[in-house]
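Below are the chains, spelled out letter by letter.
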Amino acid sequence: MSRSGLLAALVASVILSVGSATAQEQPAGAAPAIEAPAAPGVVPPATMAPAQPASQPRASAEAGTSTAMELTLPHDLSPWGMFMAADIIVKAVMIGLAFASLVTWTIWLAKSLEIFGGKLRIRRAVRAIGDAATLKQASRALDRSGGPGALLVRAAEEETALSAGALDHVSGDGLKERVTSRLSRIEAAASRRMSRGTGVLATIGSTAPFVGLFGTVWGIMNAFIGISQAQTTNLAVVAPGIAEALLATAMGLVAAIPAVVIYNVFARSIVGYRQILADASAGVERLVSRDLDFRAVASPTAE
C-alpha cells in the first residue's frame with residue numbers, strides 16, 4: 001500500500017471514532033442540536049400552541065367571578081330599605097296601612113279615656129239616684145254634674161212639670177210612659193255617642209289584611225317581571241322583590257290585629273256602660289213612680 005493510501009485510511013478511522021463517541025453522549029429522542037434559524041419577529045407555532053389554552057380558562061374564571069360578585073351584591077333588606085325600593089303601588093299600600101294603624105291607636109287612646117270617664121260619671125249618678133228619696137233630691141244632688149245621669153233626672157223632672165196640671169184628673173200611667181220614652185231616647189243617644197269611632201276599627205280590622213295582600217300580589221308580580229328581565233333565578237335577584245312584597249302583608253296584619261282586638265275590648269266595655277246607664281234610668285223611673293204615689297196619698301188627705 002502506498003503512503004497516501006495509509007494516510008487516507010488513518011483519517012477515516014479517526015473521523016468514524018469521533019462520530020460514534022458523539023452519538024453515545026447524546027440522549028435518545030432529543031431534538032437535533034442544530035435548527036434552522038427562524039425569521040425575525042415571527043413566533044414559532046410550537047410556542048403559541050400551549051399559551052392559548054392557558055389564557056382561555058383564566059378569562060372564563062374571571063368572568064365567572066365577576067358574575068358571582070354581581071349576583072351576590074349586598075341588598076338593604078331593612079324595613080325602610082325595602083320600602084324605598086318598592087314599587088309606587090306597594091308604597092301607597094304601605095302608607096295607607098301605616099295611616100290605618102295610626103288611626104287605630106288614636107281611637108284606642110281617645111275612646112279609652114272617654115269610656116273610663118263615662119263609666120265614672122254614670123256610676124256617680126247611679127249612687128246619687130239610689131240615695132235620693134224623691135226626684136227633687138236627685139236633681140239637687142246632680143245639679144252641678146254632667147253626663148247622661150243628670151240628663152235622665154232633668155228629663156224626668158221636665159216631663160213631670162209639664163204633666164202637673166193633668167195629674168189631678170188622670171192617673172199617673174201616662175206620665176210614666178212619657179218619662180220612660182224620654183229616658184229610652186237619652187239612653188240610645190248616649191250609647192250611640194259612646195260607640196262612635198268603633199265602626200272605623202271594625203272596618204280596618206276586616207279590610208287591612210286584604211289591602212296588604214293586594215300589595216303582596218303586586219310586589220311579587222313585579223319581582224317575576226324583574227326575573228324575566230334579568231334572565232336568572234338566582235336568590236340574590238329574587239329575594240329583595242319577594243321581601244318587599246311580603247312587607248306589605250306584614251303591615252296589613254300589624255294594622256288589622258290590634259284593630260280587631262281593640263274593637264272587641266270596646267264592644268264589651270260599651271255593653272257594660274249601657275247596663276250602668278239602664279240602672280240609672282230604672283232608678284229615675286222608680287223616683288217618678290214614688291212621687292206619683294205620694295202625690296196620690298197627699299191629695300185625699302188635703303181634701
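Note that this is a predicted model, so its numbers are computed, not measured. (Residues numbered from 1 in each chain as written. Predicted model: local features only at pLDDT ≥ 70, side-chain atom pairs only at ≥ 80, totals over all residues. Heavy atoms only, no water.)

Caption draft 1: View of the overall build of the protein chain. In terms of helices and strands, the protein chain carries nine helices and zero strands. Walking the protein chain from its N terminus toward its C terminus, one meets helices and strands in the order α-α-α-α-α-α-α-α-α. Looking at the protein chain residue by residue over its 303 residues, the buried ones come to 27%. Sequence-distant contacts, at least 24 apart, represent 82% of the contacts inside the protein chain between residues at least 6 apart. Of the roughly 19500 Å² of accessible surface on the protein chain, a fraction of 66% belongs to carbon and sulfur atoms. (Helix = DSSP H or I, 4+ residues; strand = E, 2+ residues; numbered from the N terminus. Buried < 20%, exposed > 50% of the residue type's maximum accessible area, 1.4 Å probe, protein only. Contact = heavy atoms within 4.5 Å. Areas by Shrake-Rupley, 256 points an atom, 1.4 Å probe, with all protein chains shown as cover.)

Caption draft 2: Main features of the pattern of salt bridges. By the definition in use, this model includes four salt bridges. We note a salt bridge from Glu159 to Arg182, for which the minimum N-O separation is 3.2 Å. Here Glu159 is found in helix α6 (residues 148-162), whereas its partner Arg182 is found in helix α7 (residues 173-195), with 23 residues between them in sequence. In the salt-bridge network here, residues are joined through shared partners; they are Glu158, Glu159, Arg178 and Arg182. (Salt bridge = Lys/Arg side-chain N within 4 Å of Asp/Glu carboxyl O.)

Caption draft 3: Summary view of the packing of aromatic side chains. For the coordinates displayed, the defined rule picks out two aromatic pairs. When the ring of Trp105 is compared with that of Trp108, the centres are 5.8 Å apart and the planes differ by 80 degrees; the resulting orientation is edge-to-face. Of this pair, Trp105 and Trp108 are both found in helix α4 (residues 88-131), three residues apart, which corresponds to roughly one turn of the helix. Note on Phe214 and Trp218: the rings are 6.1 Å apart at their centroids and 45 degrees apart in plane angle, and the pair reads as tilted. Of this pair, Phe214 and Trp218 are both found in helix α8 (residues 198-230), four residues apart, which corresponds to roughly one turn of the helix. On the accessibility criterion, Trp218 (30% relative accessible area) is partly exposed. (Phe/Tyr/Trp six-rings, centres within 6.5 Å; stacked < 30°, edge-to-face > 60°.)

Caption draft 4: Seen up close, the environment of Arg154. Secondary-structure assignment places Arg154 in helix α6. For Arg154, a relative accessible area of 31% translates into the label partly exposed. Taking the C-alpha atoms as reference points, Arg154 and Ser139, 15 residues apart in sequence, are found 6.8 Å from one another. Leaving out residues up to four positions away in the same chain, Arg154 has contacts with Leu142, Asp143 and Ser145. Looking at Arg154, its side chain comes within polar contact range of the main-chain oxygen of Asp143, at 3.4 Å. (Polar contact = N/O pair within 3.5 Å; in protein donor to acceptor, adjacent residues only side chain to side chain.)

Caption draft 5: Region of the structure containing α7. With 23 residues, α7 ought to run about 33 Å at 1.5 Å a step, and its terminal C-alpha atoms sit 33 Å apart, in line with that. Among the residues of α7, Leu175, Val179, Leu183, Ile186, Glu187, Ala190, Ser191 and Met194 are the ones counted as buried. Where α7 terminates, the next one or two residues include Gly197, which has phi positive at roughly 100 degrees. (Expected span 1.5 Å × (residues − 1).)

Caption draft 6: Up close: α8. The end-to-end C-alpha distance of α8 is 48 Å, a good match for the 48 Å that 33 residues give at a rise of 1.5 Å each. For α8, every residue scored as buried is listed here: Thr198, Leu201, Ile204, Gly205, Ala208, Gly212, Gly215, Thr216, Gly219, Ala223 and Ile227. Directly beyond the C-terminal end of α8, a positive phi value near 55 degrees is found at Gln231.

Caption draft 7: Geometry of the side chain of Thr216. Within the element layout of this structure, Thr216 appears in helix α8. Take Thr216: its relative accessible area is 6%, and that puts it in the buried class. Those residues in contact with Thr216, other than ones at most four positions away along the chain, are Ala245, Leu246, Ala248 and Thr249.

Caption draft 8: Representation of the packing of α6 against α7. Across the interface, α6 lies against α7 with an axial gap of 9 Å and an inter-helix angle of 155 degrees. Judged by the inter-axis angle, α6 sits roughly antiparallel to α7. In the crossing of α6 with α7, the sense of the turn from one axis to the other is right-handed. Facing Pro148, Leu151, Leu152, Ala155, Ala156, Glu158, Glu159 and Thr160 of α6, the residues of α7 in contact are Leu175, Arg178, Val179, Arg182, Leu183, Ile186, Ala190 and Arg193. Looking at the contact of α6 with α7 residue by residue, the class counts come to 10 nonpolar, one polar and five charged. (Axes fitted to C-alpha atoms, helices over the stretch in contact; angles between N-to-C directions. Parallel < 35°, antiparallel > 145°, perpendicular 65-115°, else oblique. Left-handed = near helix turned anticlockwise from the far one by under 90°. Nonpolar A, V, L, I, M, F, W, Y, C, P; charged D, E, K, R; others polar.)

Caption draft 9: Here's a closer look at the packing of α4 against α8. Put simply, α4 and α8 touch, their axes get as near as 10 Å, and they point 160 degrees apart. In terms of axis orientation, α4 runs roughly antiparallel to α8. The element α4 and its partner α8 pack so that their crossing is left-handed. The residues of α8 that touch α4, namely those facing Ile89, Val90, Val93, Leu97, Ala100, Val103, Thr104 and Ile107, are Val200, Leu201, Ile204, Ala208, Val211, Gly212, Phe214, Gly215, Trp218 and Gly219. Along the lines of polarity and charge, the residues of the contact of α4 with α8 split into 14 nonpolar, four polar and no charged.

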